[in-house]
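# Per-entry structural report
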Amino acid sequence: MPPVARIAHNARVWNYWLGGKDYYAVDQQVGDHVSSMFPSIREVARADRAFLGHAVRFLAGEAGIRQFLDIGTGLPTVENTHQVAQSVAPASRIVYVDNDPTVLAHARARLAGSLEGETDYIDADAHQPRAILDAASDTLDFTEPVAVILLGILNFIADTDEATAIVDTLMAAVPSGSYLALTHPTLELGGDGNIEAMRFWNENATPPITARTGAEVARFFQGLELLVPGIVSCARWRPGHVAEEEKTVAQFGAVARKP
C-alpha cells in the first residue's frame, strides 16, 4: 500500500461519502465506521455540496460576482464551483486552493473552465492566507468584488482565534461588495452520535476536526452583512429564505456581504 493510503484523509473520505471514486480502502473503512456511528454524515456531505450550488448560483447570478476564491477545494465531484459559476456567467474566474497533492492532481486533470472564463489551482495552506492572496492575484483582480468560499475548511483550524484571523485577513483583502460563503460542522445540530464520530475521526484520520457552536461561527461574519436566512443548517439555506422542507444536518451554512 502506498504511503498516501496508510491513513484516511478527509478529501478522499468526503469523496467516498459523496459517491465518488477517488478513495482508498482505508478511506472507505473509516468512512463506513463514521457512518455507523453517525448515520447522517452522508446527508451532511450531500447538503454541503448542495449549499455550494445554491450559494454560487446566487453569487454569479443575482449578486453579479465574477470572481471566486475557493479555499479547501477537495476532490472534484459534481457541480464544482467553476462549473456552477460559469454556467451562469461564462466569464467567471475561479481560483481553487488546496494543500493536498492528490486533490491538486485530480483538479488539474479534470477541471476545465469555460473558454470565456479562467480556472486556476493553487497549492497553499489555509493557515497562510496572505500566501493564498498573493498567489491568487495572478488570476483575480482584488480591486473588484470576490466571493471567498470556505466550505468545511475552518473546522481543520483548531484554534478559533486563528480561524477568525484567517477569515479577517481574507475579507480585508477584498473590496466592498465581496461575499463570504461558509459551512462548518457543529455539535449543536447533530446529536450525541456526532460527538463519538468526531472523536473516532480525530484518532484515525487526518486532518483532525473541530466542531463549533453557532456563536463561534458567527465570529467569522463580524463586520459583514449576513444574508437571510442567516446562520442555519446548510441543508436549509436558500438565498432569501429558509428551506423548511429540508432536513436539518449538523453543518452550519451562511453567506454574507462585505459592506
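Okay, so let's go over this structure. (Residues numbered from 1 in each chain as written. Predicted model: local features only at pLDDT ≥ 70, side-chain atom pairs only at ≥ 80, totals over all residues. Heavy atoms only, no water.)

For the rest of this paragraph, the subject is the overall build of the chain. Secondary structure assignment for the chain yields nine helices and twelve strands. For the chain, buried positions account for 54% of its 259 residues. The contacts in the chain between residues at least 6 apart in sequence include a share of 72% that link residues at least 24 apart. Accessible surface, the chain: about 10900 Å² in total, of which carbon and sulfur atoms supply 51%. (Helix = DSSP H or I, 4+ residues; strand = E, 2+ residues; numbered from the N terminus. Buried < 20%, exposed > 50% of the residue type's maximum accessible area, 1.4 Å probe, protein only. Contact = heavy atoms within 4.5 Å. Areas by Shrake-Rupley, 256 points an atom, 1.4 Å probe, with all protein chains shown as cover.)

Once the charged atoms of two side chains with opposite charge are near each other, the side chains can pair. Counted under the stated rule, the structure contains seven salt bridges. Here D27 and R12 are joined by a salt bridge, their closest N and O atoms 2.6 Å apart. With a gap of 15 residues between them, D27 in helix α2 (residues 25-37) and R12 in helix α1 (residues 10-17) connect regions that are remote in the sequence. According to the relative accessible area criterion, R12 is buried, its value standing at 2%. Linking E43 and K247 is a salt bridge whose minimum nitrogen-to-oxygen distance equals 3.2 Å. With a gap of 204 residues between them, E43 in helix α3 (residues 41-60) and K247 in the loop between β11 (241-242) and β12 (251-257) connect regions that are remote in the sequence. (Salt bridge = Lys/Arg side-chain N within 4 Å of Asp/Glu carboxyl O.)

Turning our eyes to something else, we now look at helix α6 (residues 129-136). Among the residues of α6, P129, I132, L133 and A136 are the ones counted as buried. Buried residues of α6, viewed axially, fall in a sector of 95°; they line one side. Exposed side of α6, more than 90 degrees from the buried face: R130 and D134 are the residues found there. Summarising the contacts, the buried residues of α6 are in contact with β2 (67-71), β3 (93-98), β4 (118-123) and α7 (160-172). (Arc of directions from axis to C-beta.)

The analysis is restricted to geometry; functional conclusions fall outside its scope.
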